[in-house]
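Close look at the chain arrangement
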Amino acid sequence: MAGMELIDPVVDQRHRSNLQDGQLPAALRLRTHDKLWLLDHRWVPRLRAAGLLPFARLVERHRHMSARFPVDRALLSAWVDRWRPETHTFHLPIGEMTVTLQDVAMLFGLPLDGTPIGPVVVPADWDEQLLHRFDGVLQPAEGEPEQLGFHDRHGPPKAWLSQFRAERLTDDEDDLRVLRHLEAYLLWLFGWVLFTSSHHDTVDRHFVHYAAQIAYAPLEAIPQYSWGSAVLAATYRALCDACTRRTSTGTLAGCPLLLMLWSFERFDIGRPTLSSYKPYADEVYVFDLFGEADELDAPTMGTLWLSRDPRWATGRGTYNAYVAALDQLTANRVRWTPYTTADIHARAPRGLSELCYRDQELWCTRKRLVFDIFVEPYCPERVARQFGCAQVFPLPRLEFDGSHGYSRKGQGIAFEQSWVDRMVLWVNAWAQAAADVHDLGGPFDEGTYQEYLRWFHGATRVRCFPVPVEAAPHKAEITDTFVMEPPAAFHALTDICSDVGNELLSYAQRFEQTPPTVGRLELVAALRRLGQRCLAGVRRASCRPTTDVVVDVHQGVPPPPPPPPPVVGFGGCSGPSQQRVPVLGTRASCSDYTEGTSSLAHAMSQRDDNAIAIAAAAAATDPSPDPTPAPPVVKWPEGGALTRDWVAGLASTLDWCSRHLRTDHLPEVLPAALVQRLVLAAAAILHREPNLVRVDPRPGQAVVVVGDVHGQLHDVIFLLRDAGFPSEDRIFIFNGDYVDRGAWGLETFLLLLAWKVLLPNCVFLLRGNHESKYCTSVYGFEKEVMTKYKDQGPQVYRKFLRCFEDLPLATIIAGSVYTAHGGVFRGTIVVPSKRSKKRKKGHKYKADFTVDVTAMKLGSLDELLKARRTVLDPPSEGSNLIPGDVLWSDPSLQMGLSPNKERGIGLLWGPDITQQFLRTNHLKLIIRSHEGPDARDKRHDLLGMDNGYTIDHEVECGKLITLFSAPDYPQFQASEERHNNRGAYIVLNPPDFATPVFHSFEAVKPRPAAHPFYDFEEVIDSDE
């Protein structure tokens, strides 16, 4: 780092881009909105007076294609890696860039002039005052839930605010209730869109002051605040904090939406293709009686990205791919000045909101930005080219005083007044912001820019790509996925070009023959396929969309029409990112996955690993093959016994159906009678197994443990191949949750049942909480079966439910490892019941005993063996609580056993209980599942599920591991901010089977198009 004058060595020690171990850090979490809110027309005058109306329109629900807008967690994490607190800019190969006040005004339409959003004194009883104001606002009808309260001293929680959505207001609602709902809406807007934080699910209590002012002050007296500078200050502070967060629990606060739209507007990396690029239509304007458009209640430049349907041709990019793409960024791929008159007129012929331009004299101010107790330097002079000016250099890094380190941590309400006094200097200074501005000098000059780059590249770190290291067989650490390095990407692209060229020449020769030996349809199909291969090559070597229609209008390049829907095939940003460091002989990357229904099936049946890899590679050379002929109808094998060939053929058939067959046509290939026969055959085997199955591997056998898979068929097929397929020397244990949420739960569970029937002593299927009547009726599996089998659906569904009841609850592996879906369980405490002193004449006295369900003690394995598991929905009360505990319980960092109130069933248990369970039963390891990335996002006491596993407890006797095997979960996500998690499986090897070897893997991309079987926008979480 010698000579890097723009980098502070102290800051750099903890910075995400300082890859001392050669590995990229984990992607960051986001705390963004849940659902967009509707605007009530009676709120408009107050939002206009406060200067918030253009932004409120921007995020208004009915103007969007969905109830949420896209915030790409992976892309934003890659941007955070480039942020340097020393300059308050992103350091890129093309120089410094940053989000400026110009971007805030043009994208959001927020006012810059006005009083800064500084600290305020919050009364000690703020929560009581707020609850008192809202007391009785809701008048629920009979059968509706009562109005909620809250007890969180940090601020009002999201669940409480959500009660007061505009949908609850009637046309004749009284004014007071309308204003109460407006106050709740403003708290949501501040806490979940503009100023997000890392504090669980509450809005900071300091916003109550501002929301109440806007909602209740006389219209003409509503204060004028500098909302735009506050949003930028909050985002700068969030970037400074996040760029030193390297673990999976790191959070990006501030305004992620601002970073997202800024990135879309200026860069082709991660930018989606939109459903339309036509100029703004009249529906985004408001007209008066004379047909004149309202100059303030009008769209912004950001409206384009939030009012059109975004489409990623090959799925969202991964974090590692974005990191590599930014490493290779060149100046000609940047929209340096996207807000020229020509750009604005092309997008909004009727014009933008006047707030986009009103405060432009502040765009280059020298004053610091203020938000609450944050004081952030603002440096437009470092990014002069963004304003069309020549870049002055050299520029030193910033020198910070104590104001940049202000923090409320550990300080309560008693310190409020001291903060107001301390910040008054910075708050008052903003009044002179328009008078104290930078003179950015002359227009942009290419020669000066090249000189600047030569200085800049020697003064900082412009690349984040990890230094290539030779893979070493660590036990559990090597699970990260590394993006393809530029040389490898070049060679891959060369191979693709060579293959495409040879095939084109071959078709040309056939076409030149007399008569031509290639038909029109075959030629068209070939050209489409080869075209897709070329586009896949572009995506494989970069993270750019292959059709980028957002261009600088003043450069004379008109926006072309949007492309037709892409042909489903292999490729995209997920390709290079899924090339990973080999882990103990792992066989293939999931980016190599494709079925090739004959060669791959044959390889599976022979368990020939080399043949499997060759078959997959051969299939992957054709990313969009012509649909293969439909496979024959699946029949039960002659002789009655399943074979490896039959199971391999079933896997290929199920994959083919998912890609080429309409959902309700599945019975044409997979008859209901065969499905029921397979389910009954497996259920008969499962029924004979005890609640607790003891798995004792023979010498030479390894054990593979798999977590939740949730109907993600293609990831399961990849996992089976990657882990080596079940066999006499490889035992598989599946930890439950085979169905629900994914589109192919039926196919996934059938495939695993087939393996169970084929190898009953080498494949063990445990029950998960989703293998129940309740969960399958809510999260899609019941509807999936009914949709696919129509009239025969109820009968098929009942067979599955019966099979669910027969699934065992847990296993003990080699006497050392306990596996179950949820975890440990309580014991039953039997006590004598009170008996009546009166007895009927002639009846002998008999002692009466009851189970005390209120007492809490750790259960024994003997009690687990005796529990009654054949229940459709494990009860949460009564005497048969062990099945519910085993399926629904969660670990905690709090000591002891306690009811799992969040889920309403099961337990929470701490490290002391893990230690007791391991010691009592002479075990070394607990492997459980049950919690995916969505559930762990709510668990701030435990690590996230980014890599498919976490070690939750490490105690004297061993460890507790949570394992999750569904990557990029859930398949259907209500928010565009996808989790992009990896899945994982564990291999346990002899002699003790207690040293887990973790194998993480990416999702198979792209998934075939599919429709959800449940309302995933309303049913947010499967964990309650």
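Residues numbered from 1 in each chain as written. Predicted model: local features only at pLDDT ≥ 70, side-chain atom pairs only at ≥ 80, totals over all residues. Heavy atoms only, no water.

Along the backbone of the chain there are 32 helices and 25 strands. By the burial criterion, 59% of the 1024 residues in the chain qualify as buried. Long-range pairs, those at least 24 residues apart, make up 79% of the contacts in the chain with a sequence separation of at least 6. (Helix = DSSP H or I, 4+ residues; strand = E, 2+ residues; numbered from the N terminus. Buried < 20%, exposed > 50% of the residue type's maximum accessible area, 1.4 Å probe, protein only. Contact = heavy atoms within 4.5 Å.)

Okay, the nonpolar core next. Core analysis: the biggest nonpolar cluster contains 149 residues, and F108, Y185 and F190 have the highest contact counts within it. When residues in this core are grouped by element, the largest group, 13 residues, is from helix 8 (residues 175–194). Beyond its immediate chain neighbours, meaning those up to four positions away, Y185 contacts W37, L38, L39, W43, L47 and A56. One finds L719, F725, L801 and V1004 within the second-largest nonpolar core, a separate group that totals 71 residues. (Core = buried A, V, L, I, M, F, W, Y, C linked by side-chain atoms within 4.5 Å.)

Here the amide bond leading from P990 into P991 is cis, since omega sits at 10°, within 30 degrees of zero. By the element assignment, P991 lies in the loop between strand 24 (983–988) and strand 25 (996–1001). Across the junction of K1005 and P1006, the peptide omega takes the value -10°, indicating a cis bond. Non-glycine residue A814 carries a positive phi angle of around 50°. Position of A814 among the secondary structure elements: in the loop between strand 14 (810–813) and strand 15 (817–820).

With that out of the way, let us pick up the sheet that holds strand 4 (residues 95–97). Consider a sheet: its strands pair through backbone hydrogen bonds, and that pairing is either parallel or antiparallel. With antiparallel pairing, three strands are arranged side by side in an open sheet as 2-3-4. Each edge of the open sheet carries a strand with a single partner, namely strand 2 (83–84) and strand 4. When strand 3 (residues 89–92) meets strand 4, the two strands line up antiparallel, connected through three bridges. Bridge assignment links H91 to a residue of strand 4, and that residue is E96. Strands strand 3 and strand 4 of the sheet are contacted by helix 16 (residues 446–459), whose axis makes an angle of about 90° with strand 4. (Pairing = 2+ DSSP bridges. Axes fitted to C-alpha atoms, helices over the stretch in contact; angles between N-to-C directions.)

Attention now moves to the pairing of strand 12 (residues 730–734). Counting buried positions along strand 12 yields five of five residues, so the element is predominantly enclosed. Taking every second residue as pointing to the same face, both faces of strand 12 are buried, with R730, F732 and F734 on one and I731 and I733 on the other. Of the pairings in the sheet, the one linking strand 11 (residues 702–706) to strand 12 comprises five bridges and is parallel in character. When the sheet's bridge partners are listed, A702 is paired in strand 12 with R730. The pairing of strand 12 with strand 13 (residues 763–765) spans three bridges and is classified as parallel. Residue F734 lies in a different strand from strand 13, and its bridge partner there is L765. Traced from strand 12 through helix 25 (residues 745–758) to strand 13, the parallel crossover comes out right-handed. (Right-handed = clockwise from strand over helix to strand, strands pointing away.)

Okay, the packing of aromatic side chains next. Here the structure, examined in full by the defined rule, presents 53 aromatic pairs. For the pair W160 and F164, a centre-to-centre distance of 5.1 Å together with 70° between the ring planes defines the contact as edge-to-face. F164 shares its class with W160; the two are buried. Aromatic pair F749 and F804: ring centres 5.5 Å apart, planes at 50°, arrangement tilted. Linking F749 in helix 25 with F804 in helix 28 (residues 793–806), this pair joins segments that are 55 residues apart in sequence. Its relative accessible area of 1% is what places F804 among the buried residues. Put simply, the rings of F190, F195, F207, Y210, Y225, W227, F371 and F374 pair up and form one aromatic cluster. The ring of W192 carries K158 above its face, with NZ or CZ at 4.8 Å from the centroid. Over the ring of Y449 we find R385, and its NZ or CZ is 4.6 Å from the ring centre. (Phe/Tyr/Trp six-rings, centres within 6.5 Å; stacked < 30°, edge-to-face > 60°. Lys NZ or Arg CZ within 6 Å of the ring centre and 35° of its normal.)

Side chains bearing opposite charge may pair, as long as their charged atoms lie close to each other. Taken as a whole and assessed by the stated rule, the structure comprises 47 salt bridges. Two residues, R982 and E1002, come together in a salt bridge whose shortest N-O distance is 3.4 Å. Of this pair, R982 sits in the loop between strand 23 (958–963) and strand 24 while E1002 sits in the segment after strand 25, and the two are 20 residues apart along the sequence. One exposure class covers both R982 and E1002, and it is buried. One connected set of salt bridges, linked through shared partners, spans D890, R903, R928, E931, R936, R939, D941 and D952. (Salt bridge = Lys/Arg side-chain N within 4 Å of Asp/Glu carboxyl O.)

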